[in-house]
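Here is what each chain is made of, one letter per residue.
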Protein chains: 2
Amino acid sequence: MTNIHASASGGEAGALSWPRGFRAYTGHGGLRDQGDDISVVASDRPAVSAAMFTRSLFAGPAVVLSRAHAAGRDLRAVTTLAQNANVATGRQGEANAAEVVGRVAALLGIDDRHVLIGSTGVIGRPLPMDTIRAHFDAAAGRGPEAFGAGPLDVARAMMTTDTRPKTAVRAVGAARIVGVAKGVGMLEPDMATMLAYLFTDAELPADDLDTALRTAVDRSFHCLSVDTDTSTSDTVAVLANGAAGPVDLAEFTAALTDLCLDLTRQLASDGEGATKLLRVTVGRARDEAQARRIAKSVVNSPLVKTAVHGADPNWGRVVMAIGKNTEDRDRDITPDRVTVAFGGIEVYPEEPTPQTLDALTDAMRQSEVSITITLGLGTAEATVYGCDLSAGYVRVNAVYTT
Amino acid sequence: MTNIHASASGGEAGALSWPRGFRAYTGHGGLRDQGDDISVVASDRPAVSAAMFTRSLFAGPAVVLSRAHAAGRDLRAVTTLAQNANVATGRQGEANAAEVVGRVAALLGIDDRHVLIGSTGVIGRPLPMDTIRAHFDAAAGRGPEAFGAGPLDVARAMMTTDTRPKTAVRAVGAARIVGVAKGVGMLEPDMATMLAYLFTDAELPADDLDTALRTAVDRSFHCLSVDTDTSTSDTVAVLANGAAGPVDLAEFTAALTDLCLDLTRQLASDGEGATKLLRVTVGRARDEAQARRIAKSVVNSPLVKTAVHGADPNWGRVVMAIGKNTEDRDRDITPDRVTVAFGGIEVYPEEPTPQTLDALTDAMRQSEVSITITLGLGTAEATVYGCDLSAGYVRVNAVYTT
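Bear in mind that the values here come from a model prediction, so they are computed numbers and not experimental data.

The rules behind the values
- Per chain, residue numbering runs from 1 following the sequence as it is written.
- The lettering of chains begins at A and the numbering of ligands begins at 1, in the order of writing.
- pLDDT decides what is reported in this predicted model: residues at 70 or higher carry local features, side-chain atom pairs at 80 or more are listed and counted, and totals for whole chains, interfaces and linings draw on all residues regardless.
- As a convention, hydrogens and water are excluded, and side-chain values are obtained from all of the structure's heavy atoms.
- Runs of H or I in DSSP of at least four residues are treated as helices and runs of E of at least two as strands, each being numbered from the N terminus.
- Computation of the radius of gyration draws on C-alpha atoms alone. For the globule rule, the value is 2.2 Å times the number of residues to the power 0.38.
- Each residue gets one of three labels from its accessible area relative to the maximum for its type: buried under 20%, exposed over 50%, partly exposed in between, using a 1.4 Å probe on protein chains only.
- Whether two residues are in contact is decided by their heavy atoms, any of which lying within 4.5 Å being enough.
- Residues scored as charged are limited to Lys and Arg (positive) and Asp and Glu (negative), so that His and the chain ends carry no count.
- By convention, charge coordinates are those of NZ in Lys, CZ in Arg, CG in Asp, or CD in Glu.
- Here, any two strands with at least 2 DSSP bridges between them count as paired.
- Helix axes are fitted to C-alpha atoms over the stretch in contact, other axes to C-alpha atoms as well, and angles between N-to-C directions run from 0 to 180 degrees.
- Put simply, buried area is how much 1.4 Å-probe accessible surface two parts lose in total, over both of them, once they are put together.
- We count a salt bridge whenever a side-chain nitrogen from Lys or Arg sits within 4 Å of a carboxyl oxygen from Asp or Glu.
- The source of the domain bounds is an automatic or database domain assignment.
- Pairing of N or O atoms within 3.5 Å defines a polar contact, subject to two protein rules: one partner must be a possible hydrogen donor and the other a possible acceptor, and residues neighboring in sequence count only if both atoms are side-chain atoms.
- Residue polarity is assigned by list, with Asp, Glu, Lys and Arg as charged and Ala, Val, Leu, Ile, Met, Phe, Trp, Tyr, Cys and Pro as nonpolar; anything else, Gly included, falls into the polar class.
- The atoms used to superpose the copies are C-alpha atoms, taken from residues with pLDDT of at least 70 in both, and the fit is least squares.

K.L.:
Got a minute to help me understand the overall build of chain A in this structure?
P.N.:
Summing up its helical and strand segments, chain A has 11 helices and 15 strands in all. Against the compact-globule benchmark of 21 Å for 402 residues, chain A has a radius of gyration of 22 Å, which places it among compact chains. Dimensions of chain A, computed from the C-alpha atoms along their principal axes, are close to 70 × 50 × 40 Å. Counting across all 402 residues of chain A, residues that qualify as buried make up 63%. Within chain A, residue pairs in contact and separated by at least 24 positions form 81% of the contacts whose partners lie at least 6 positions apart. The distance from the centre of the 38 positive side-chain charges to the centre of the 48 negative ones in chain A is 2 Å.

K.L.:
For this particular structure, what's the right way to read the sheet that holds strand β11 (residues 277–285) of chain A?
P.N.:
Each strand in a sheet pairs with another by means of backbone hydrogen bonds, the pair being arranged parallel or else antiparallel. Residues and elements named next belong to chain A. An order of β13-β12-β14-β11-β15 is seen for the five strands of this open sheet, with the pairing classed as mixed. Sheet topology places β13 (345–348) and β15 (380–387) at the edges, where each strand pairs with a single neighbour. Direction aside, the axes of adjacent strands within the sheet are offset by 25° on average. By the bridge criterion, seven bridges tie β11 to β15 in an arrangement that is antiparallel. Residue pairing for β15: Arg279 is matched across the bridge by Tyr385. Against the sheet, helix α10 (residues 354–364) engages β12 (339–342), β13 and β14 (368–374), with an angle of about 95° to β13.

K.L.:
Please clarify how the interface of chain B and chain A should be interpreted in this entry.
P.N.:
Accessible area lost during the coming together of the parts is what is often quoted as the interface size. Each partner contributes residues to the interface: chain B has 52 residues there, and chain A has 52 residues. Carbon and sulfur atoms make up 60% of the area that chain B and chain A hide from each other, which totals about 4,300 Å². Of all residues in chain B, B:Arg55, B:Leu57 and B:Phe58 give up the largest surface area on contact with chain A, accounting jointly for 17% of the area buried on that side. Between the two partners, chain B and chain A, sit two salt bridges.

K.L.:
Help me understand the domain arrangement of chain A, please; the structure alone is not making it clear to me.
P.N.:
Residue and element names in this part refer to chain A. According to the domain assignment, chain A consists of domain 1 (4–269) and domain 2 (277–398). A C-alpha centroid distance of 32 Å is found between domain 1 and domain 2. With 16 residues of domain 1 at the interface, the matching set in domain 2 holds 16 residues. Ranking the residues of domain 1 by area buried against domain 2 places Cys223, Ser225 and Arg265 at the top, with a combined share of 38%. A salt bridge links Glu288 to Arg219; the shortest N-O distance between them is 3.7 Å. For the pair domain 1 and domain 2, the number of links is eight residue pairs in polar contact (both at pLDDT 80 or more). Of the residues forming the side of domain 1 that touches domain 2, the biggest block, five residues, is contributed by helix α6 (residues 249–269). Residue composition of the side of domain 1 that touches domain 2, by class: five nonpolar, six polar and five charged.

K.L.:
It is not clear to me how the relation of the copies chain B and chain A should be interpreted in this structure. Could you clarify?
P.N.:
One copy of the chain maps onto the second through a rotation around an axis plus a translation along that axis. Between chain B and chain A, the superposition needs a rotation of 180° and an axial shift of 0.0 Å, giving an RMSD of 0.0 Å. Between the two chains, the operation in question is that of a two-fold axis. Within chain B, the C-alpha atom positioned nearest to the axis of rotation is that of B:Ala391, 2.3 Å from it. Of all interface residues in chain B, 100% are interface residues in chain A too; the two copies therefore contact each other through one and the same surface.

K.L.:
Sorry, what's going on with the pattern of salt bridges here?
P.N.:
Should the charged atoms of two oppositely charged side chains come close, the side chains can pair. Residues and elements named next belong to chain B. One pass over the full model with this rule turns up 52 salt bridges over all chains. The residue Asp74 makes a salt bridge to Arg113 at a minimum N-O spacing of 3.2 Å. Of this pair, Asp74 sits in the loop between α1 (61–70) and β5 (77–84) while Arg113 is found in the loop between α2 (90–108) and β6 (115–122), placing the two residues 39 residues apart along the sequence. Assessed through its relative accessible area of 22%, Asp74 is described here as partly exposed.

K.L.:
Explanation requested: the sheet that holds strand β11 (residues 277–285) of chain B in the structure shown.
P.N.:
All names here are of chain B. Taken in spatial order, the five strands line up as β13-β12-β14-β11-β15 in an open sheet, and their pairing is mixed. Each edge of the sheet is formed by a strand with only one pairing partner; in this case those strands are β13 (345–348) and β15 (380–387). The average angle at which neighbouring strand axes cross in this sheet is 25°, direction not considered. As defined by bridge partners, strand β12 (residues 339–342) adjoins β13 across three bridges and the pair is classed as antiparallel.

What follows is the structure, encoded as structure tokens:
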């Protein structure tokens, strides 16, 4: 695996291109006042695919339709409508999602069942089908030359309250994996995350691709929580068109995991109102599930999040958040075995010395704050990602209608 | 049961007195810069008692000691130290808690094991024992006449970031029940709540008192969540000294429950940064546990809380919060059976009409906002209490060290 760190803000961003055989276009379909809000990424040849979706009971028609199409493991295109989730919109919402898929398939000359559709934004409002239809009519008129958009254009067209487009790329042998993602709030992914699409020219069987995706998601998007709220539209999908030939599965899985973790960190640090990325690692746990349970309890604690916002190394709130996890299976955790460190500097049970206090203050003021906890019970470890809780989160969500 | 609504802000507040046989004092022990921070409430005769405590793994020495004393079911006095939780303070913290209990017992001329101690405030700082000792020396010098404090004085001496003292009173036959409570953040009680003490002159067996307390707590404090964070110091205790003679158990339980609910609502509406009390009722559930699970999911959703703060009847976020409850046992919930109403006005699936829209806007602007959900599965119902999420919550917790 070779790291090519071409994230949106990186120096190589301008050069970021699709893996061989993929192309994309973006356009304005009237979902927002201005700017591109519809995107399509497609493979010029058949591809194998794997996908995971929200477990929300209120999953929208885009998810329901995409889940059915993804079952064939041969998706070739992904289309996204931004600013409207098309959730809880009844039968008309289902018909609208199906019509958009049909339009995209016609544009590409492929069957509907090869198209995945994502929808993100406000819940409970009908799609503006008049302007969407006009958009697709115009796109059909432009033909293949419409497809000149790069990953950054697509990531930008997927944004809602995101402040930055999220992209990432990794190389595996002769192949590359390119990912685009969006999501800033309603963000505690469960089984998948808010719209992350991964495209690769690697050649590998659908079963292997599925296994690789599940491994990668479990170690990345599933370790993310901005606000404990799980979206109705979460979707993550990977398309592999084989244009670059076969790859080693272990290498591919490692690269895919690393890429997903890159996107996860981008999502966390752009969490609604976030000023800091928060990374919580729990080590010396009995098992990984316990480590993750405790880490999630800490990363989701509003009191820990506000303390991090205030640059306060408040270990009292950290031990509170560990202790409030009162499932019977976690009652082997005992206060006198627990240690807590901020930025690698232990604060409990050993308090910082005058010598380390400056370093601690400095660590709390960074744009990324790490909390490391050890339980003294075993050897398992887990890391989760989140962000601080600021007045900005309240502001954006008290006025914005999702 | 007779309702005597003498809450702190009510007109009768000035007249609120203890049940027969109880007395109290408050004083300044140097825990905060100024104002009373130590309180003692005691019965002048033996009493029976029942108590419940936090299930936090990091319960402090006050809880550990009180739990042992409460096991005797014959508590006669309750003392509270405000501004310092004395949690995670090691062996010295245990010795300090025991010393305070000893001082209170000596002052009252009773055995240590009849004293319950509560501690609330910052975690991880040693108690200022010098000023605390000086305080008790002075109190011992004053003798019985120190005991002139009323419930409102005690509730005030228990406050930390509370903006209002919380008291409530109910009558049962010839007896009365008086409650005092504190708590504004780190407030999702589990098995008990952040310091609520109930005093009654009713006469009833300890077993019955225990049953009544568990029933009352289950229907009140357990239905409260300000921020999902469970305190290390939660304690609720009831002392009954029998001075008013026997009471009907059912009547007593109803009065105690009603009183605890009164305190619960006071705690919720004074949640840190809160501008609105939020009441979520889930009806037509399969069973009460399901109703409560879904109601908690809604009342704790940061996106629902911020919408309520912005007076936005955002049912999309409510269905999101219902749907994110993805436990297998709740997968019988189906979107097309669910209804959602704000202030009694249905918003899903029937949208408000132009006629009801004004009433809806009005309902969202009240200081108490109710969300009513029906699941269409059965007949069970549950109500939980919380508050909105405002920039004030962030402010108070980004600067205040708990």
